[in-house]
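Per-entry structural report
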Amino acid sequence: CGIKKCDFKITMNNNNHHTEEISTERLMVRRGQPFTITVSFSAPIHSYLRQLKRTFLIVQTGSHPSKADGTQTEFPISSLGDQRQWSAALREQDPCFWTISVNTPANAPIGQYTLLLYASKSSHLLGNFTLLFNPWCQDDEVFLANEAQRQEYILNQEGVIYWGTENAVLAQPWDFSQVSKRSSMSVLFYSHQQQKGAYLLCLNCDEFRGILTECETGQYCNGTPPSKWLGSSPILRQWVVSQCKPVRYGQCWVFAAVMCSVLRCLGIPTRVVTGFTWAHNTNSSLSVDEYYNEDGTLLTQDKSAHIWTFHVWNECWMARADLLPEYSGWQALDATCPSFCGPTPVQAIKKGDTEVDYDVCYFFAAVNAKCQVWIQKADDSLKPALGGTKYTGNNISTKSVGSERCEDITHNYKYPEGSLQEKEVLDKAYRKVKKLETTSSSSKTQFSSIPTALEEPVNLFIHLQSKSCLLLGQDVPLSIEVSNHSGREKSIHLVAGAQSLHYNGVPVTQLWKEEFHFILKSNEGKDSTGCMASISKLGENHLVRLTAVLREEDSIYMYFAQEEISICDPPLTIEFPENMVQYQPSTAKISLLNSLTEPLEKCVIVVGGRGLIYRQRKYTLGSVQAKSIQQLQIPFTPTQAGPRRLTAHLTCLQLQNLKSYKTINIAAA
């Protein structure tokens, strides 16, 4: 028989497989779910049953397909298909055409496929299609039972990434664009061309880090600062256009966001997770040290372990056939660390099951470590600081399903602080590592115990307090309370200071320092309240660490307190009319309040919104005077109904990372 044409019914199939937004020109289907094609013949077939016995389909993927490795399969066209393997069933027949239902097994390799029809001792190319993971299919290892979660973790393109501090969580918008026709699918196409599995491309550190490169924080010559990226699509497009040269630059939230886009595009339920007060690169030690000088200035001599103010990673949902069933579900992935970490069962992190694959020690230490502060004296000797112990993993958050609310998921990683379960898990982790140490030739302790710094009674107390979040340009109020619970008078030397920090604990600059000398009588307290002048020299993450170092004039003991605050950019607010209808012209209002004492110069606002505005628009505002409000009217006509987000990004000489967003529900026309 001669083949006249083959209709892949792309619109119908892609809609049934939840891929209609990825492509309207290419067949994109999910494994474990049938799709329908119609083959038209150049001449009528009158004895179709006899012809059917001599006809079968061939699917193949990769540059060297073979039956041996499962990249080529032949299967007949029958009246009944088999859902557990590649099969085809004749649904409708006519002398001039056949309508065939093709079923793909739920464990088939994903990637680019060629479909051929073999008849009359020759094969005919029917076309090409893309096969993806299927979280809607119960037999697929990425099956997710909850439809609201599937909508969020597979199809939702408009995300929120959290940053700031554990006491002042801030949100920034991110456009994942995982169903964009020219973004994430490029990774799959490139993977196919390079003869590598797309799944490995996503989860292999060397391959994935080929998409983005990172450099020393704050050093972004010849590239885009990480804080300027608004979404994954420009990064992936740049990567493809440059023939897969690494895009400059990314930090943890950019790595995690791009990873989320790629995995969602491939059909793996994925979310972005932020952990606050994160012990990074600790070599799996539960004891981390930070070093300060006597003025309270953070020293960076120990670059092997930092306490990061926040860190961003991914979780993806999958069954772990290589492990016990209890370890299936959310798996942690970290694309930022020197060698890619994961997939790590979140349940294993919580239970302290450090022997489970993969990298449980890394995540367990990051969210359970204690940090001891040491003071480096003028003679370079180190003294442990009393009161300086800091605990990690206090707040782990992600965007909630179906809303832009921040969801605290710390309980997925840890038992409640101070609970019996927490103590049991920590004890179990220590025991397992001690057992490993006795059978290992390595002298490096995986989980080192936390040393007892001092045995002397503590009789001086210091408490430092400030607002957790302040507006850029505001003075910083702070309160330091010192109390003497000893039985004698003490001569006190107190140094208070402030440093701006990058998110990864690296200091930017010293902002302020002040010294105090006073006498504290027995059982007496002293409160010092004041205001630090407004801050201007900040790192890109707008983080400030306040410190107070206290020492007795005639004692070796030193006391330490610290507090971190987020400095927020001037407000950029977006307002919509109350009722908005699809295809009806409307106007949004964007207002910028300059809270600084100087003008904001060369202000440019870039506005975008899928289904609201076609492409991005750029508006030049010029200068915005100090303590004034500038307003901007944005005319637009919504083309898509449902929840739609408008994003605004302002840059000027003084600010580079001012982003705002608002979601509005558009009524269908």
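Attention in this report is confined to the structure presented alongside it. For clarity, every value in this text was computed on a predicted model and none was experimentally measured.

With that out of the way, let us pick up the overall build of the protein chain. Broken down by element type, the protein chain carries 12 helices and 39 strands. Looking at the protein chain residue by residue over its 669 residues, the buried ones come to 53%. Intrachain contacts of the protein chain at a sequence separation of at least 6 include 66% that bridge at least 24 residues. Split by element, the accessible area of the protein chain, about 29,600 Å² in all, is 48% carbon and sulfur.

On to helix 3 (residues 147-155), then. Residues spaced three or four apart along an α-helix face the same direction, because each turn holds 3.6 residues. Listing the buried residues of helix 3 in full gives Arg150, Glu152, Tyr153 and Ile154. Along its buried surface, helix 3 packs onto strand 2 (27-30), helix 8 (252-266), strand 14 (270-280), strand 18 (329-334) and strand 23 (395-399). Measuring from the side-chain oxygen of the N-cap residue of helix 3 to the backbone nitrogen of Ala148 gives 2.9 Å; that N-cap residue is Asn146.

Burial analysis of helix 10 (residues 360-368) places 9 of its 9 residues in the buried class, the great majority of the element. Of all the positions in helix 10, only Val360, Cys361, Tyr362, Phe363, Phe364, Ala365, Ala366, Val367 and Asn368 are classed as buried.

As summarised here, the arrangement of the 6 strands in space is 19-18-17-14-23-24, forming an open sheet in which the pairing is antiparallel. Looking at which strands have only one partner, the edges of the open sheet turn out to be strand 19 (341-345) and strand 24 (406-408). Strand-to-strand twist of the sheet, defined as the mean angle between neighbouring strand axes without regard to direction, takes the value 30 degrees. Across 3 bridges, strand 23 lies against strand 24 in antiparallel orientation. Looking at the pairing, Ser397 lines up with Asp408 of strand 24. This element, helix 8, spans strand 14, strand 17 (306-318) and strand 18 of the sheet and lies at about 5 degrees to strand 17.

Here we come to the sheet that holds strand 33 (residues 572-575). Strand order in the open sheet made by the 3 strands is 33-34-37, with antiparallel pairing throughout. This sheet does not close on itself; its edge strands, each paired only once, are strand 33 and strand 37 (629-636). For this sheet, the mean angle separating the axes of adjacent strands, direction not counted, is 20 degrees. Pairing between strand 34 (residues 586-593) and strand 37: 8 bridges, direction antiparallel. Bridge pairing links Thr587 to Pro635 in strand 37.

This part takes up the pattern of salt bridges. One pass over the full model with this rule turns up 23 salt bridges. Put simply, Asp295 and Lys513 hold a salt bridge, and the shortest N to O gap is 3.3 Å. One end of the pair, Asp295, is in the loop between strand 15 (287-293) and strand 16 (298-299); the other, Lys513, is in strand 29 (residues 507-520), and 218 residues separate them in sequence. Where Asp427 meets Lys423, a salt bridge forms, and the shortest distance between an N and an O atom there is 3.0 Å.

Let us now look at the side chain of Ser466. The topology assignment puts Ser466 in strand 25 (residues 460-466). When near neighbours in sequence (up to four residues on either side) are disregarded, Ser466 contacts Val476, Pro477, Leu478, Leu546, Glu563 and Ile565.

Conventions adopted
- Residues numbered from 1 in each chain as written.
- Predicted model: local features only at pLDDT ≥ 70, side-chain atom pairs only at ≥ 80, totals over all residues.
- Heavy atoms only, no water.
- Helix = DSSP H or I, 4+ residues; strand = E, 2+ residues; numbered from the N terminus.
- Buried < 20%, exposed > 50% of the residue type's maximum accessible area, 1.4 Å probe, protein only.
- Contact = heavy atoms within 4.5 Å.
- Areas by Shrake-Rupley, 256 points an atom, 1.4 Å probe, with all protein chains shown as cover.
- Polar contact = N/O pair within 3.5 Å; in protein donor to acceptor, adjacent residues only side chain to side chain.
- Pairing = 2+ DSSP bridges.
- Axes fitted to C-alpha atoms, helices over the stretch in contact; angles between N-to-C directions.
- Salt bridge = Lys/Arg side-chain N within 4 Å of Asp/Glu carboxyl O.

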